[in-house]
Amino acid sequence: MSTVDSQDDEDTFKILLATDIHLGYLEKDPVRGNDTFVTFNEILDHAQKNEVDFVLLGGDLFHENKPSRKTIHSCLESLRKYCMGDRPVQFEILSDQAVNFHYSKFPWVNYQDVNLNISIPIFSIHGNHDDPTGADALCALDILSCAGLLNHFGRSASVEKIDISPILLRKGRTKIALYGLGAIPDERLYRMFVNKQVTMLRPKEDEDSWFNLFVIHQNRSKHGATNYIPEQFLDDFINLVVWGHEHECKIAPSQNEQQCFYVSQPGSSVVTSLSPGEAVKKHIGLLHVRGKKMKIQKIALETVRTFHMEDVVLADHPDLFNPDNPKVTQAIQAFCMEKVELMLDNAERERLGNPRQPEKPLIRLRVDYTGGFEPFSVHRFSQKYMDRVANPKDIIHFFRHREQKEKNDSDFNFGKLVSRPASEGMTLRVEDLVKQYFQTAEKKVQLSLLTERGMGEAVQEFVDKEEKDAIEELVKFQLEKTQRFLKERRTDAEEEKIDEEVRKFRESRKKNTEEEDEEVREAMTRARAHRSEDAVLVAASSDEEFMDTGVKGTGDSDDGLPATLSRGRARGRARGARGQNSTARGSSRRGRAFRSLKPESSLNSSKSYSEDIIGDDSDLEDISIVPSSKVNQRWSTSSSLSKRGSQSQTSRGVDFESDEDEFDPFKSTATSRRTK
């Protein structure tokens, strides 16, 4: 290896990008149950073979908020197999890790733990599927973090104001500021961005020399007025945004013309919904960063189950189908069978070139029967493909475009909301259904005390997070608040006046969304605390039963047994005490190794760039970001951070370079040994 190649390799970060792995999705399905685990192993295998510096995950590692024992066991098995070993980690962390991992009992990166032997560190934020919940605000990633197999970052300490502090990494002459923000309800985060309550902290020393990488897990496409995060909300000093939560694979970096940063959307590694976005070929990314240059290599996933999808509009074939024909239903069924057989042939040809692909494909045929047609029996149709398709019950999806009619409260049909086709691009959520139902329901079943938004959030907590007391606690909390309001107003004990005051109070709460969010959070906190008290009572009752059994047992046994039990308990307490002391010593020892972060004000630097584009047929993009002017003032320490406004006035361009230039990140890594 030449000296130049060796120097380039020592200065180049290699990072594997992946999001939305959804471990445990359909784990009880006899055909698709192991799909997520197999693909997760393939992702980690790519990381090991490419000798990456670390793996960066963009949220939703788990599909469930409370994953099963099988899912957790399979995840731990994969992480231990691929991420532990003797290969040295060749980058260092400059920031204060007590700030980066402040939620952890072990606030340092796992590969620096003297008790662990980590060869591939994993950094991950949480998603909306595996977000922290419960009285202790824990999530499945915290279990992996406590075990030392993963570094969970990007948790916000406050719901009122968010300060995003980066993890500062350095390898040779390349420095990366890694920002992360775990999933937050989109409406709340949208409002916080608008109110300028989200601040990204920047390194004080040579702030233009850092490659700023931001990973986020929110809606990117617009699902409502505030139910998404516009790219324009993000700071323009960012170089690359890795966007999680969206399942369609758009891993090739696309430039935001207004903010001038690049966005890479890796997409999911498993098909979780039979929609057009999931039919796109699944990839992960291998990101190379040297200085301010970056290049993303697309890596196709070979173990993902193939998914073929097609739409049919019966009204577009008047020569084949006549609604007045009594045998038109049989003709439609024969036409659909022909379409399905064609998709199966395409899937088989695709699988022949890849033996690692699962045998049975996913098939989806969406049939628009608008125009007087009648659907045939989907269950009878599915029986013919039980042994050939992985989703026989979901092959055919009939839908009909609804005509725009004038709304009538008395004719509202709740079932129509569920039958909306997926092609419209809108995802119905539980809180949206609840809100729309009450807003369009008859007056006698409308909410008069509670708000639709609060009730929707409570139902969502009940469904997704299994908070059984969420609805009850919300009702109690809002009832108490209304009663206090009426007492303060000293309302007369007349039913009409009370109803009028309650209506006014309800309308004022609906307008104040922040206060309503606070009510919902308070009610959810009560529900979690109530569940924790129940768990304590159950544990206490079981302990009492155990003690009763122990007392009865000592009466019939010899004198040696109670002494043995007491000695065993004493030893257990002593060992626990020693373990806690050693943990404290370890924390203080590492605490002295890091500098503290002191936010101060910084200057906004004005930069100008040039842009050159050179055509290249490969899947790689080489992006060079070179500022033409720098801030004259120099800062002292690289671990201290400065607050920056959410929007700064800068202009930026990029240079696309071909693979034949001096930056060749594909050379092998120089081996060095890490000493413990």
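Small disclaimer: the values here were computed from a predicted structure and weren't measured.

### Details of the overall build of the protein
Logical step 1: Regarding its fold elements, the protein presents 15 helices and 22 strands.
Logical step 2: For the protein, the exposed surface amounts to about 34500 Å²; the carbon and sulfur share of it is 49%.

### Overview of helix α2 (residues 35-49)
Logical step 1: Across its 15 residues, α2 extends 21 Å between first and last C-alpha, which sits within 8% of the 21 Å expected from 1.5 Å per residue.
Logical step 2: Burial runs high along α2: 11 of the 15 residues are buried.
Logical step 3: For α2, the set of buried residues is D35, T36, F37, T39, F40, E42, I43, L44, D45, H46 and A47.
Logical step 4: Packed against the buried residues of α2 are β1 (12-18), β2 (54-57), α3 (69-83), β4 (122-124), β14 (283-290) and β15 (293-300).
Logical step 5: Where α2 terminates, the next one or two residues include E51, which has phi positive at roughly 50 degrees.

### Observations regarding the packing of aromatic side chains
Logical step 1: In the structure shown here, the tally under the stated rule is 16 aromatic pairs.
Logical step 2: We note R155 situated over the ring of Y103; from NZ or CZ to the ring centre the distance is 3.8 Å.
Logical step 3: One residue, R202, lies across the ring of F237, its end atom 4.2 Å from the ring centre.

### Let's talk about the nonpolar core
Logical step 1: Among the nonpolar cores identified, the biggest contains 31 residues, and L16, L61 and L79 are the most heavily contacted of them.
Logical step 2: The element best represented in this core is α2, accounting for five residues.
Logical step 3: When residues no more than four places from it in sequence are discounted, the contact partners of L16 are I43, A47, V52, F54, V55, L56, I284, G285, L286 and I299.
Logical step 4: Listed in part, the 30 residues of the second largest apolar core include L116, I167, V289 and I296.

### Here's the deal with the sheet that holds strand β11 (residues 240-244)
Logical step 1: Taken in spatial order, the seven strands line up as β3-β7-β8-β10-β11-β13-β12 in an open sheet, and their pairing is mixed. Looking at strand neighbours, the two that pair on one side only are β3 (92-93) and β12 (250-255), the edges of this open sheet.
Logical step 2: The pairing of β12 with strand β13 (residues 262-265) spans three bridges and is classified as antiparallel. Paired with Q255 across the strands is Y262, a residue of β13.

### Some thoughts on a negative patch on the surface
Logical step 1: Taken together, E494, E495, E496 and D499 make up a surface patch of like negative charges.
Logical step 2: Locating E495 in the fold gives a position in helix α13 (residues 495-511).

### What to know about α3
One turn of an α-helix holds 3.6 residues; hence residues three or four places apart share an orientation.
Logical step 1: With 15 residues, α3 should reach 21 Å at 1.5 Å per residue; the first-to-last C-alpha distance of 21 Å fits that figure.
Logical step 2: Of all the residues in α3, the buried ones are T71, S74, C75, S78, L79, Y82 and C83. Each buried residue of α3 sits inside an arc of 130 degrees when the element is viewed along its axis, so together they form one side. Away from its buried face by more than 90 degrees, α3 exposes R69, H73, E77, R80 and K81.
Logical step 3: At its buried positions, α3 is contacted by α2, β4 and α5 (140-146).

### As for unusual backbone geometry
Logical step 1: Here H22, not a glycine, exhibits a phi torsion of approximately 55 degrees, which is positive.
Logical step 2: For H22, a relative accessible area of 1% translates into the label buried.
Logical step 3: Even without glycine at this site, D206 takes up a positive phi of about 50 degrees.
Logical step 4: Topologically, D206 is positioned in the loop between β9 (198-203) and β10 (211-217).
Logical step 5: Assessed through its relative accessible area of 30%, D206 is described here as partly exposed.

### Quick notes on the side chain of D142
Logical step 1: Examined against the element boundaries, D142 turns out to sit in helix α5.
Logical step 2: Reaching out from D142, the side chain makes a polar contact with the side chain of R155 at a distance of 3.1 Å.

### Structural notes on the sheet that holds strand β17 (residues 362-368)
Two orientations exist for strands paired in a sheet by backbone hydrogen bonds: parallel and antiparallel.
Logical step 1: With respect to topology, three strands assemble into an open sheet ordered β16-β17-β18, the strand pairing being parallel. Both edges of this open sheet fall to β16 (307-313) and β18 (396-399), since each of them pairs with a single strand only. Ignoring which end each strand starts from, the neighbouring axes of this sheet average 15 degrees apart.
Logical step 2: Sheet topology note: the β16/β17 ladder contains seven bridges and is parallel.

### A short note on the packing of α2 against α3
Logical step 1: With their axes 10 Å apart at the nearest point, α2 and α3 run at an angle of 15 degrees to one another. Judged by the angle between their axes, α2 and α3 are roughly parallel. The way α2 lies across α3 gives a crossing that is right-handed. Touching F37, F40, N41, L44, D45 and Q48 of α2 are K70, T71, S74, C75, S78, L79, K81, Y82 and C83, all from α3.
Logical step 2: Across the contact of α2 with α3, the residue classes tally to seven nonpolar, five polar and three charged.

### With respect to the pairing of β15
Logical step 1: By the bridge criterion, eight bridges tie β14 to β15 in an arrangement that is antiparallel. Counted as the bridge partner of L287 is I296 from β15.
Logical step 2: Counting the residues in the hairpin turn of β14 and β15 gives two residues, including G291, whose phi is positive at 65 degrees.

### What to know about the side chain of N391
Logical step 1: Locating N391 in the fold gives a position in the loop between α8 (378-382) and β18.
Logical step 2: Within the structure, the side chain of N391 is placed 2.9 Å from the backbone oxygen of I363, a separation counted as a polar contact.
Logical step 3: Setting aside residues no more than four positions away along its own chain, N391 makes contact with R32, L274, P361, L362 and I363.

### Quick notes on the environment of E92
Logical step 1: Summarising the element assignment, E92 is placed in strand β3.
Logical step 2: For the pair E92 and R170, spaced 78 residues apart in sequence, the C-alpha to C-alpha distance is 5.4 Å.
Logical step 3: If sequence neighbours within four positions are ignored, E92 has contacts with Y111, L168, L169 and R170.
Logical step 4: One polar contact links E92 to R170, side chain to side chain, over a distance of 2.7 Å.

### Describing the pattern of salt bridges
Logical step 1: The full count for this structure, using the stated rule, is 16 salt bridges.
Logical step 2: With a closest N to O distance of 2.8 Å, R305 and D35 form a salt bridge. With R305 in the loop between β15 and β16 and D35 in helix α2, this residue pair connects regions lying 270 residues apart in the sequence.
Logical step 3: In this structure D35 comes out as buried when scored by relative accessible area, which is 14%.
Logical step 4: Note that E302 and R356 form a salt bridge whose closest N and O atoms lie 3.3 Å from each other. On the criterion of sequence distance, the pair formed by E302 in the loop between β15 and β16 and R356 in the loop between α7 (328-352) and β17 is long-range, its members being 54 residues apart.

### Examining the confidence of the model for the protein
Logical step 1: The share of residues in the protein with pLDDT of 70 or more is 69%, and the mean pLDDT across the chain is 78.
Logical step 2: Here residues 414-427 scores under 50 on pLDDT; set against residues more than four positions off or in separate chains, the count is 19 contacts.

### Some details on the environment of A137
Logical step 1: In this fold, A137 is placed in the loop between β4 and α5.
Logical step 2: Linking A137 and Y103, residues 34 residues apart in sequence, is a C-alpha distance of 10.0 Å.
Logical step 3: The residues contacting A137, other than those within four sequence positions of it, are P132, D142 and R155.

Calculation notes
Residues numbered from 1 in each chain as written. Predicted model: local features only at pLDDT ≥ 70, side-chain atom pairs only at ≥ 80, totals over all residues. Heavy atoms only, no water. Helix = DSSP H or I, 4+ residues; strand = E, 2+ residues; numbered from the N terminus. Areas by Shrake-Rupley, 256 points an atom, 1.4 Å probe, with all protein chains shown as cover. Expected span 1.5 Å × (residues − 1). Buried < 20%, exposed > 50% of the residue type's maximum accessible area, 1.4 Å probe, protein only. Contact = heavy atoms within 4.5 Å. Phe/Tyr/Trp six-rings, centres within 6.5 Å; stacked < 30°, edge-to-face > 60°. Lys NZ or Arg CZ within 6 Å of the ring centre and 35° of its normal. Core = buried A, V, L, I, M, F, W, Y, C linked by side-chain atoms within 4.5 Å. Pairing = 2+ DSSP bridges. Patch = residues over 30% accessible without salt bridge, like charges linked within 9 Å, V, L, I, M, F, W, Y side chains within 5 Å. Salt bridge = Lys/Arg side-chain N within 4 Å of Asp/Glu carboxyl O. Lys, Arg positive; Asp, Glu negative; His and termini not counted. Charge placed at Lys NZ, Arg CZ, Asp CG, Glu CD. Arc of directions from axis to C-beta. Polar contact = N/O pair within 3.5 Å; in protein donor to acceptor, adjacent residues only side chain to side chain. Axes fitted to C-alpha atoms, helices over the stretch in contact; angles between N-to-C directions. Parallel < 35°, antiparallel > 145°, perpendicular 65-115°, else oblique. Left-handed = near helix turned anticlockwise from the far one by under 90°. Nonpolar A, V, L, I, M, F, W, Y, C, P; charged D, E, K, R; others polar. pLDDT = per-residue confidence, 0-100.

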